[in-house]
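Below are the chains, spelled out letter by letter.
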Amino acid sequence: MLKLFNKHKKKLPDYWLDYTAALQGKNPVEIQDTTFIVLDTETTGFDYKTDRILCIGAVTLKNNIIDVSNTFEVYIKQEKFNPESVKIHGLLHNENFETISEEQAIEKFLRYAGNSVIVAHHAYFDITMIDNAMKRLGLPGLKNKVLDTGVLYRASRITSNLIDKEKRYTLDEIAETLSIDVSDRHTAAGDAFITAIAFLKICNRLNKNLDLKLKDLFKF
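The structure presented is a predicted model; accordingly, all values stated were derived computationally and were not measured.

## A closer look at helix H4 (residues 102-113)
Alright, step 1. Along its 12 residues, H4 runs 16 Å from first to last C-alpha, staying within 8% of the 16 Å computed at 1.5 Å per residue.
Alright, step 2. Phi for Gly 114, located one or two positions after H4, is positive at around 50 degrees.

## Comments concerning the nonpolar core
Alright, step 1. Core analysis: the biggest nonpolar cluster contains 31 residues, and Ile 106, Phe 109, Leu 110, Ile 130, Met 134 and Leu 142 have the highest contact counts within it.
Alright, step 2. The set of elements that each furnish at least two residues to this core consists of helix H2 (14-22), strand S1 (36-43), strand S2 (53-62), strand S3 (65-76), H4, strand S5 (117-120) and helix H5 (123-136).
Alright, step 3. The leading source of residues in this core is H5, at 7 residues.
Alright, step 4. If near-sequence neighbours (up to four positions away) are discounted, Ile 130 is found in contact with Leu 39, Thr 41, Ile 53, Ile 106, Phe 109 and Leu 142.
Alright, step 5. With 29 residues, the next largest nonpolar core counts Tyr 169, Ile 194, Ala 196 and Ile 202 among its residues.

## What to know about the sheet that holds S2
Alright, step 1. In space, the 6 strands of this open sheet follow the order S4-S3-S2-S1-S5-S6, with mixed pairing throughout. Because the sheet does not close on itself, it has two edges, and the strands there are strand S4 (99-100) and strand S6 (146-148).
Alright, step 2. Note: S3 against S4, 2 bridges, orientation parallel. Directly across from Tyr 75, in S4, lies its bridge partner Thr 99.
Alright, step 3. Contacting S1, S2, S3, S4 and S5, H4 runs over the sheet at an angle of about 165 degrees to S3.
Alright, step 4. Packed on one face of the sheet, H5 meets S1, S2, S5 and S6 and runs near 75 degrees to S1.

Rules used in this analysis
Residues numbered from 1 in each chain as written. Predicted model: local features only at pLDDT ≥ 70, side-chain atom pairs only at ≥ 80, totals over all residues. Heavy atoms only, no water. Helix = DSSP H or I, 4+ residues; strand = E, 2+ residues; numbered from the N terminus. Expected span 1.5 Å × (residues − 1). Core = buried A, V, L, I, M, F, W, Y, C linked by side-chain atoms within 4.5 Å. Buried < 20%, exposed > 50% of the residue type's maximum accessible area, 1.4 Å probe, protein only. Contact = heavy atoms within 4.5 Å. Pairing = 2+ DSSP bridges. Axes fitted to C-alpha atoms, helices over the stretch in contact; angles between N-to-C directions.

In C-alpha cells form, the structure reads like this:
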C-alpha cells in the first residue's frame, strides 16, 4: 500500500528542492546581517480564489541598504483580465510587457527569495496570492519568515503613544507620515521600493534603545 502511495506521489521540481535546501540555513540574529526581500504584487483583483497575479516586484535590502542592482520584476501571462483593476495597477491588457508563465514567475521568485526574510505591506494578501499560485502548480506554499510593514508601523506609533491599535494604515498614509516620495506608486517594483524605505524608517523608530534584534520584529 505504501509502495502504491509513493508511486503516485508527485515529484516536486528541482527549483522547489533548491528553494527548500536554501531554507535550511538559519537567519542571522542581527537585523543588519539579515537579507530582506521586500515585495509587492499587482493582481487582477482582490479575490484570493478567482483573481491572479499580474506582476511580482521586489527589492533586496541588507545592512540598511536597498540594493538597486538586485531588483526583481516579472509580468505574468493572463488568461483572465479585469478592466476594473486597471485604475489600480495601471497595467493595460495586451500592453507591450514581456510576460512569462505563472510557473516561470514562481520559479524565478523562489530562486530570488531563497532564505531571505520577506517584507510586504499588508503581507497576508501578497503571500496568499503567491501561495495560491504555487498551489495551482502542485507546490507547498512559501516557507520564508514574513514581516508586515502595516503591523510594524502600527507598533511604532504605539511606542510613540499615538495609539490606534485597530487602524490598518495604507502605504500612502505611511509614506506621507514618513515623508517618502510616492511618484512610483502602483507598479509592483515601485511599491516594493517605497515599502523598503518605509521598513527602514519604521525599524529606526522601533530601535530607540539600539538593541532591536531580528527576532524582536516578529513579536509586534
